[in-house]
Amino acid sequence: MTWNVDFIWMIHGTVKNHLGSFTKAMTNHMAEVYFRAWNKATGDFLDKMEVVCIQDLMQNAILLHRTSPVHGKVRQMVGYFHKRKGCQHVDRMLFELYKPILWRALSAPNHEVRANATLLFTEAFAVHDPAQSSQSIDATIQGQLDTLMGLLDDPHPLVRSSATLGVCRILGSCWELLPPTVVSDFLKKLNGLHDTSEKVRSTFLDMLLKVKAVRAAKFWDVCSMDHLLARLEHDSPPVCRRVVDLLFKSFFPVNESEKEWCCRCITLIQMNPRAARRFYQYASLHTAPTNIVKLMLSIRRVLNTCLPRQAELSQADLSQAELSQADLSQG
């Protein structure tokens with residue numbers, strides 16, 4: 001029994017019409033069906049599968065509004081192919097099918113198209129033809145890294161946010177494969193802490209939280225403490241919560257002594273008093289109420305100890321001054 005190649009278009013159309021009613025699991029099963037069918041296809045069937053089905057899904061993932069009920073499911077199906085990168089057959093297909101649509105979409109006038117294309121691009125990175133020479137592949141990847149740098153400067157916050165998420169994903173998976181200078185350039189570029197968009201600032205802090213989880217990386221090499229505290233002092237609750245999450249162990253080390261808690265508290269107040277106030281407003285999100293009470297009692301004990309001593313020193317200084325004045329009068 002042989003199938004008519006035109007049935008592919010009909011079947012694909014039926015799947016798209018019902019995609020809105022699919023669950024996430026059903027969408028994943030359907031993506032697997034597409035992948036297996038493509039993997040076994042040859043000749044005209046392979047060409048139809050790639051252009052009519054897979055490239056059509058890519059196009060829809062770029063052009064559909066994010067509010068569309070099927071946008072996430074289309075992206076899920078395309079992502080199924082992205083996850084199988086590393087196989088020459090898959091890499092070649094992605095390179096050929098994305099070539100006429102992806103690069104154009106990344107510079108489209110519509111910001112949502114650019115943002116959707118950015119998500120696909122960073123998910124599929126690096127898009128290359130495995131049949132090329134090593135030098136050509138290196139040049140292709142360098143060009144794509146340059147494109148990523150440009151997307152981080154896009155005028156629209158949705159695109160910048162999508163690029164930030166994508167670059168973080170790439171750094172997370174390719175950290176040891178990328179040259180140190182490239183990683184350093186991206187981390188410096190990703191410093192969106194003072195971006196005009198709250199979403200971009202929040203995404204940047206999410207990236208710092210991931211950097212913090214990598215022992216070989218230090219988040220303060222990416223963004224200075226002064227800048228983080230400045231944002232904590234003035235920013236919105238979503239951003240402040242992330243800053244506190246990032247800094248909590250530095251200024252409230254629950255596994256240290258209560259004396260150390262007080263020392264860190266004093267340090268924070270000296271660095272930025274208003275930021276310190278915001279820090280302790282959100283501290284209860286990261287530790288038990290009992291630790292908050294212990295800190296308050298510790299601060300009270302320190303004050304009870306220090307204030308009388310300070311008063312005694314002040315009185316001694318006053319007495320010394322009076323004696324000096326008296327000596328001068330007698331002289």
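Rules and cut-offs
Residues numbered from 1 in each chain as written. Predicted model: local features only at pLDDT ≥ 70, side-chain atom pairs only at ≥ 80, totals over all residues. Heavy atoms only, no water. Helix = DSSP H or I, 4+ residues; strand = E, 2+ residues; numbered from the N terminus. Expected span 1.5 Å × (residues − 1). Buried < 20%, exposed > 50% of the residue type's maximum accessible area, 1.4 Å probe, protein only. Contact = heavy atoms within 4.5 Å. Polar contact = N/O pair within 3.5 Å; in protein donor to acceptor, adjacent residues only side chain to side chain. Core = buried A, V, L, I, M, F, W, Y, C linked by side-chain atoms within 4.5 Å. Phe/Tyr/Trp six-rings, centres within 6.5 Å; stacked < 30°, edge-to-face > 60°. Lys NZ or Arg CZ within 6 Å of the ring centre and 35° of its normal. Salt bridge = Lys/Arg side-chain N within 4 Å of Asp/Glu carboxyl O. Patch = residues over 30% accessible without salt bridge, like charges linked within 9 Å, V, L, I, M, F, W, Y side chains within 5 Å. Areas by Shrake-Rupley, 256 points an atom, 1.4 Å probe, with all protein chains shown as cover. Axes fitted to C-alpha atoms, helices over the stretch in contact; angles between N-to-C directions. Left-handed = near helix turned anticlockwise from the far one by under 90°. Nonpolar A, V, L, I, M, F, W, Y, C, P; charged D, E, K, R; others polar. 1 Å grid on protein atoms, 1.4 Å probe; cavity = no way out; pocket = protein on both sides within 12 Å on 5 of 7 lines; lining within 4 Å. Points joined across faces, edges and corners; volume = space filled by probe spheres on them.

K.L.:
Let's hear about helix 11 (residues 198-213): which residues, and what values?
P.N.:
Taking 1.5 Å of rise per residue, 16 residues should cover 22 Å, and helix 11 covers 23 Å from first to last C-alpha, within 8% of that figure. Regarding helix 11, the residues found buried are V200, R201, S202, T203, F204, L205, M207, L208 and V211. Residues of helix 11 that are buried make contact with helix 9 (157-174), helix 10 (180-189), helix 12 (219-222), helix 13 (225-234) and helix 14 (237-251). A side-chain oxygen of the first residue of helix 11 lies 3.3 Å from the backbone nitrogen of K199; this N-cap is S197.

K.L.:
Describe the nonpolar core, with residues and values.
P.N.:
If you look at the biggest cluster of nonpolar residues, it comprises 91 residues, and the most contacted ones within it are Y98, L208 and L228. In terms of residues, this core owes the most to one element, helix 3 (residues 43-63), which gives nine residues. Among all residues touching L228, those that are not within four sequence positions of it are L193, L205, L208, F219, C223, V243, L246 and L247.

K.L.:
For the packing of aromatic side chains, give the residues involved together with the corresponding values.
P.N.:
Aromatic rings considered in pairs are described by the distance between their centres and by the relative angle of their planes. Enumeration over the complete set of coordinates arrives at 11 aromatic pairs. Aromatic pair F248 and F279: ring centres 5.9 Å apart, planes at 20 degrees, arrangement stacked. Of this pair, F248 sits in helix 14 while F279 sits in helix 16 (residues 273-282), and the two are 31 residues apart along the sequence. As far as the burial class goes, F248 and F279 line up, both buried. Put simply, the rings of F248, F251, F252, W261, F279 and Y280 pair up and form one aromatic cluster. The aromatic ring of F35 is capped on one face by R84, whose charged end is 5.6 Å from the ring centroid.

K.L.:
Now, about the side chain of R201: what can you tell me, with residues and values included?
P.N.:
Considering the arrangement of structural elements, one finds R201 in helix 11. A polar atom in the side chain of R201 sits 3.5 Å from the backbone oxygen of T196. Engagement of the side chain of R201 in a polar contact is seen with the side chain of D235, the distance being 2.8 Å. The residues contacting R201, other than those within four sequence positions of it, are G192, L193, H194, D195, T196, R231, D235 and V239.

K.L.:
I'd like to hear about the pattern of salt bridges, residue by residue, with values.
P.N.:
Enumeration over the complete set of coordinates arrives at 15 salt bridges. D206 is paired through a salt bridge with R242; the nearest N and O atoms lie 2.9 Å apart. Of this pair, D206 sits in helix 11 while R242 sits in helix 14, and the two are 36 residues apart along the sequence. Taking relative accessible area as the criterion, D206 reaches 29% and is therefore assigned partly exposed. Its relative accessible area of 25% is what places R242 among the partly exposed residues. The closest approach of N and O atoms between R231 and D235, which form a salt bridge, is 2.6 Å.

K.L.:
A description of a nonpolar patch on the surface should follow, citing residues and the corresponding values.
P.N.:
There is a patch of nonpolar side chains on the surface, built from F7, W9, M10 and I11 and spanning about 450 Å² of accessible area. You can see I11 is positioned in helix 1 (residues 7-18).

K.L.:
Summarise the packing of helix 7 (residues 111-124) against helix 8 (residues 134-151); cite the residues concerned and give the values.
P.N.:
Two elements in contact, helix 7 and helix 8, have axes separated by 12 Å at closest approach and are oriented at 145 degrees. Considering only the axes of helix 7 and helix 8, their crossing is left-handed. Each of T118, F121 and T122 in helix 7 lies in contact with helix 8, whose residues at this interface are Q144, T147, L148 and L151. Each residue belonging to the contact of helix 7 with helix 8 can be placed in one class, and the counts come to three nonpolar, four polar and no charged.

K.L.:
Which residues make up the layout of surface pockets, and what are the values?
P.N.:
What the largest pocket holds in volume is close to 350 Å³. Forming the boundary of the largest pocket are 15 residues, of which I8, I11, A37, F45 and M49 lie nearest the centre. For the lining of the largest pocket, the secondary structure elements donating two or more residues are helix 1, helix 2 (24-40) and helix 3. Its residues placed into classes, the lining of the largest pocket shows 11 nonpolar, three polar and one charged. Of the voids in this model, the second largest pocket is the one considered here, and its volume is about 270 Å³.

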